[in-house]
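Here is how the chains run, residue by residue.
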Amino acid sequence: MAKLQPVRGTHDLIGDEARSHLAIAGAAREIAERYGFAPMATPIFEFTEVFQRTLGDTSDIVTKEMYTFEDKGGNSLTLRPEGTAGVARAFISGGLQNELPLKCFYHGPMFRHERPQKGRQRQFHQFGVELIGVAEPTADVEVIAMAADILDTLGILSETTLELNTLGDAQSKEQYREALVAYFSGVSDKLSEESRDRLVRNPLRILDSKDAGDRALLADAPRFDDYMTEEAAAFFAAVQDGLETVGVAFKRNPHIVRGLDYYSHTAFEFTTEALGAQGTVLAGGRYDGLIETMGGPRTPGVGWGAGLERLAMMTDAAPAVTRAITLVGLGEAGEREALRLSGVLRHAGLTVELVYKGGLKRGLKRADRINAAVAVLIGDDELERGTVTVRNLDTGEQSDVAIADLKDHLAAYR
RNA sequence: GUGGCUGUAGCUCAGUUGGUUAGAGCGCCUGGUUGUGAUCCAGGAGGCCGUGGGUUCAAAUCCCAUCAGCCACCCCA
């Protein structure tokens, strides 16, 4: 039992858990299609450089969390830690430049070598969307509105907060970065050890530090809004206007910083208190520089990713399942007739469970256990009359039904 | 990567100051006469006590290591 363990941070999805993932992805998909997005599936691994170049050499994901290995041809490959890079790569290598805008959604496993905890696994699943080729703020609005719609149909929108921020354009970002470095360098002796490190690697990160001392310093830190270019400010204003128009509530949070280098302008997170420390349920932003960084034509984009495990934890209730009709064949002839009828009923759209072995008692017991609605008893007595016994498992009522009429008799259980 | 807590049957857990055949509930299987499920009764299967070392006459119990889970930091979905 201890010999065969699942790999650390992986998790088997069984029964209702698997069903709930499918249901969530299905609901998300339905809404994405309503927004005119098309499905897309990219490989689960890519050449390592695909992620290295796009995520930035300083990001934690690249520096310590990637599952990288060499294949038999000597290529360095990496299990995808997120979905956007793969889509961008497909966009470039597939020559999709001529079909802008590209609107797609995907879902599947992602891999990050992190220490597991609540809401965080090494293999987890994301549903994500990308809207590539539209530089207008309407794209940001639409994509965020879709996210809100999805959370709403899952019944958890009210438990989340949309936190919104802008990282500005490259110029704003750079000016602000310099101002931050100047400010924090002056007080670096008061910074936490971690933030001193961030000061060199990624100063923006200091903004979302949880350290109390750091937070105190933030009060007097330069404010991003003072360093934004006019264009960047106008863009952000348009996004906020749009969200109001569409009726999506948000909260400005100047401390939201995306972990990945390719983001600019809009950055947002839907967060919740319900999940402990890993409160981000869906997050994304605009990545206008990404595709160019990867060697493609300069092309803007916006998108987000949502963690299915986290969503599933919030939508506790298992999705409803159609109750089955259980066929209990007794004796050789009965079993054969049950098998034949199973096909007839299934083709008629009914959910059918066959009892594979054992007698009547066991058959009913099994029907009870799987919460079947009806048991159909097929024994020699019935066969002689050309009927079957239909037993309603809730009321215990039984009736004889001619075999030829069975399909219609059970129509209500479709 | 760092820290805290935990690891006994399929599941939830007991297991006294180390002491002989490791327990319960639920679940599972069989039976309680002929073809009727959730109740009831009787029986049964199922444990390298996470793994590897050590201390001891004796370890599920003590020590060390290791693996895994949970929670937090970090980071993020």
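Residues numbered from 1 in each chain as written. Chains lettered and ligands numbered in written order. Predicted model: local features only at pLDDT ≥ 70, side-chain atom pairs only at ≥ 80, totals over all residues. Heavy atoms only, no water.

The buried count for strand S9 (residues 264-272) comes to 9 of 9 residues, which makes it a mostly enclosed element. Where strand S7 (residues 160-166) meets S9, 7 bridges bridge the pair, whose relative direction is antiparallel. Residue pairing for S9: Glu163 is matched across the bridge by Glu269. Here S9 runs beside strand S10 (residues 280-286); their pairing, made up of 6 bridges, is antiparallel. Looking at S10, one finds that Thr271 is bridged to Thr280. (Buried < 20%, exposed > 50% of the residue type's maximum accessible area, 1.4 Å probe, protein only. Helix = DSSP H or I, 4+ residues; strand = E, 2+ residues; numbered from the N terminus. Pairing = 2+ DSSP bridges.)

Here the focus is the packing of helix H5 (residues 137-153) against helix H9 (residues 230-246). Interhelical geometry of H5 versus H9 gives an angle of 40° and a closest axis separation of 8 Å. Judged by the inter-axis angle, H5 sits oblique to H9. As H5 packs across H9, the resulting crossing turns out to be right-handed. Of H9, the residues touching H5 (which contributes Pro137, Asp140, Val141, Ile144 and Ala145) are Phe235, Ala238, Val239, Gly242, Leu243 and Val246. Of the residues that constitute the contact of H5 with H9, the class distribution is 9 nonpolar, 1 polar and 1 charged. (Axes fitted to C-alpha atoms, helices over the stretch in contact; angles between N-to-C directions. Parallel < 35°, antiparallel > 145°, perpendicular 65-115°, else oblique. Left-handed = near helix turned anticlockwise from the far one by under 90°. Contact = heavy atoms within 4.5 Å. Nonpolar A, V, L, I, M, F, W, Y, C, P; charged D, E, K, R; others polar.)

Turning to the pattern of salt bridges, a few remarks are in order. For the structure shown, the criterion picks out 15 salt bridges. Of the charged contacts, one joins Arg223 and Asp225 as a salt bridge, the two residues approaching to 3.9 Å between their closest N and O atoms. You can call Arg223 exposed: its relative accessible area is 53%. Asp225 gets classed as partly exposed once you look at its relative accessible area, which sits at 32%. When salt bridges that share partners are traced, they join Asp140, Arg286 and Asp288 into one network. (Salt bridge = Lys/Arg side-chain N within 4 Å of Asp/Glu carboxyl O.)

Bringing the packing of aromatic side chains into the picture now. The final tally for this structure, using the stated rule, is 7 aromatic pairs. Ring centres of Tyr176 and Phe224 lie 5.0 Å apart, and the angle between their planes is 75°; this geometry places the pair in the edge-to-face category. In this pair, Tyr176 is assigned in helix H6 (residues 170-186) and Phe224 in the loop between helix H8 (212-218) and H9, connecting sequence segments 48 residues apart. Residue classification places Tyr176 among the buried residues on the basis of a relative accessible area of 4%. On the numbers, 5.8 Å between centres and 45° between planes, the contact of Tyr176 with Tyr227 is tilted. Here Tyr227 lies in the loop between H8 and H9 and Tyr176 lies in helix H6, a separation of 51 residues in the sequence. The exposure class of Tyr227 is partly exposed, given its relative accessible area of 27%. (Phe/Tyr/Trp six-rings, centres within 6.5 Å; stacked < 30°, edge-to-face > 60°.)

Right, let's talk about the nonpolar core for a bit. In terms of nonpolar packing, the biggest core is built from 43 residues, with Phe37, Phe127, Met146, Phe268, Phe270, Trp304 and Leu311 touching the most fellow members. Beyond its immediate sequence surroundings of up to four residues, Phe270 is in contact with Ile144, Ala147, Ala148, Leu151, Leu157, Thr160, Thr161, Leu162, Gly279, Thr280, Val281 and Leu282. (Core = buried A, V, L, I, M, F, W, Y, C linked by side-chain atoms within 4.5 Å.)

Residues Ile44, Phe45 and Phe69 make up a contiguous nonpolar surface patch of roughly 240 Å² in combined accessible area. The residue Phe45 is located in strand S2 (residues 45-47) in this model. We classify Phe45 as partly exposed; its relative accessible area is 40%. (Patch = residues over 30% accessible without salt bridge, like charges linked within 9 Å, V, L, I, M, F, W, Y side chains within 5 Å. Areas by Shrake-Rupley, 256 points an atom, 1.4 Å probe, with all protein chains shown as cover.)

On to a positive patch on the surface. On the surface, Lys357, Lys361, Arg362, Lys365 and Arg369 cluster together into a patch of positive charge. Tracing the chain through its elements places Lys361 in helix H13 (residues 360-369). A residue is classified by how much of its surface remains accessible, and Lys361, at 72% relative accessible area, is exposed. (Lys, Arg positive; Asp, Glu negative; His and termini not counted. Charge placed at Lys NZ, Arg CZ, Asp CG, Glu CD.)

The subject of this paragraph is the domain arrangement of chain A. Much of the literature gives interface size as the accessible area that the parts lose upon coming together. As far as domains go, chain A holds domain 1 (16-169 + 229-315) and domain 2 (325-413). Look at where the C-alpha atoms of domain 1 and domain 2 centre, and you get two points 48 Å apart. (Domains from an automatic or database assignment.)

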